[in-house]
Amino acid sequence: MTIRTMLAAAVLLAGVTAVAAQDPIAQRKALMKANGDQARTGALMARGEMPFDLAKAQAIFQTYADSAAKSKALYPETAKTGGDTAADPRIWQNMSDFQAKLAKFGEDATAAKGKVKDEASFKATFSEVQKNCGGCHESYRVKKS
Amino acid sequence: MRLLRILVIAAALVLGTGVAVFFVLTEPARVAAASLGPHTPNLDNGRTMFFAGGCASCHASSKEDRTRLGGGAPLHSPFGTFYAPNISPDPADGIGRWSEAGFVSAMQDGTSPDGRHYYPAFPYTSYQRMETADLRDLFAFLKTLPAVQGRAPEHELPFPFSVRRGIGLWKLLYLDGRQFQADPTKSASWNRGAYLVDGPGHCAECHSPRTALGGIVESQRFAGGPNPEGQGWVPNITGKGLASWSAKDVEYMLETGDLPDGDSVGGTMAAVVRNTRELPAADRAAMAEYLKSLPPVDGPPRPERR
């Protein structure tokens, strides 16, 4: 029984992973979620409501940089709609601008990771990097909730 | 024959009276220049009013340079598309030749210097709450900005919305002509916040559901609703929608655009934050204090989020 169950579970899990890997919308949402979780930590530290932690600060910017890099390939023509996406169709009408904004987000995050040393430098770099979020959410995201 | 003649005369009388009543009811109100006393403009305060009022969001020619107010930005609505006019100090295309009373009248009565009604896409239903002194400071500040040539396209409105005079009837329903009244039982900062939110900030104009006639549903003021400009949903900012927010969260959002859950504001709110981040920190705190004090109100039911 155990072997069969484990096999079945493994097959199921592989299937789910494969679907997620093939589904750019699900991947986009997972990356945005990860960004959001990091942004929340960052905001608490920037506001002095959580003690500053250099490792956490660097992890925030690293997550952003990874997310920006991975996102480049996640907006193919085939993933405009479906899966409850909040992506605005304007992304595909302005793809070069959208990709430029993604690239800038990645560069800013990488630069910030190099610059952050203490609480003061974090506050300054974090607020600059955060401006990238609104840069895309203003034009390229349909707010649904 | 005689009966017919009487009927025709009666019909003409009724129609004539109707037209006369329409014109009396829809006469655009204006501020008399003589009613404005002496005033020394405070440009710093004018700048604060400019950013609290979010003028640039609609009237700036570009997102990058928010002081060039050449207009032209489209505002889509269920009634048609409005184009924000040029309010730069250009004498031909902007407000360069306007009198101070003309400007105050535009903001408080929604009446243009040439005596026509403005459409309420220009949120004078909120701006009417502003102190006349603040409006005069704002006018003085606008005059310091660069003159920009060019006019916005004409509004694209189907009949009957294309009849400007009809706005006079709408104003009878939705423009009460009252300025902001401070609540003496509340703190000075709460009152400052209420003034900024309800007056220049005109937050309720987007954050409230509207009637079929395009007026705010008073019982659901600030309770959010479908985005009047198209896709998406405008959030509830009463105690219902902001229940999990602290006043600090609201203040921080107005400064950075970051939401407490790690998301960031999007759509037209991003433009709002480009204004509110320019305000003195105390003003953002005051707005947060007032917004957090709004009692919880249920808005229209939101579509299911899968």
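Chain A has the name Cytochrome c in an unreviewed UniProt entry, where Rhodoplanes tepidamans is given as its organism.

1. Description of the overall build of chain A
Within chain A, the regular secondary structure consists of six helices and zero strands. Mapped in sequence order, the helices and strands of chain A form the string α-α-α-α-α-α. Evaluated residue by residue, chain A yields a buried proportion of 29% over its 145 residues. Considering only contacts in chain A between residues 6 or more positions apart, those separated by 24 or more positions represent 75%.

2. Here's the deal with the domain arrangement of chain B
Residues and elements named next belong to chain B. By domain assignment, chain B separates into domain 1 (41–179) and domain 2 (185–300). Contacts between the two partners involve 23 residues from domain 1, matched on the other side by 22 residues from domain 2. Secondary structure elements with two or more residues in the side of domain 1 that touches domain 2: helix H2 (43–53), helix H3 (55–59), strand S1 (74–77), helix H5 (124–127) and helix H7 (167–174). With five residues, H2 is the single largest residue contributor to the side of domain 1 that touches domain 2. Looking at side-chain class alone, the side of domain 1 that touches domain 2 contains 14 nonpolar, seven polar and two charged residues.

3. Let's talk about the nonpolar core
Counting 78 residues, the largest nonpolar core has Phe61(A), Tyr64(A), Ala109(A), Phe103(B), Met107(B), Met287(B) and Leu291(B) as the members making the most contacts within it. The contact partners of Tyr64(A), leaving out residues within four places of it in the chain, are Asn35(A), Gln38(A), Phe105(A), Ala109(A) and Val129(A).

4. Here's the deal with the confidence of the model for chain B
The share of residues in chain B with pLDDT of 70 or more is 99%, and the mean pLDDT across the chain is 93. Overall fold confidence for the complex sits at a pTM of 0.87, while the interface term, ipTM, reaches 0.73.

5. Some words on the pairing of strand S2 (residues 80–83) of chain B
Residue and element names in this part refer to chain B. Across four bridges, S1 lies against S2 in antiparallel orientation. Counterpart to Ser77 in the pairing with S2 is Gly80. Turn length for the S1-S2 hairpin, with the two strands adjacent in sequence and antiparallel, is two residues.

Analysis parameters
Residues numbered from 1 in each chain as written. Chains lettered and ligands numbered in written order. Predicted model: local features only at pLDDT ≥ 70, side-chain atom pairs only at ≥ 80, totals over all residues. Helix = DSSP H or I, 4+ residues; strand = E, 2+ residues; numbered from the N terminus. Buried ≥ 20, exposed ≤ 12 C-beta atoms within 10 Å, placed from the backbone. Contact = placed C-beta atoms within 7 Å. Domains from an automatic or database assignment. Nonpolar A, V, L, I, M, F, W, Y, C, P; charged D, E, K, R; others polar. Core = buried A, V, L, I, M, F, W, Y, C linked by C-beta atoms within 7 Å. pLDDT = per-residue confidence, 0-100. Pairing = 2+ DSSP bridges.

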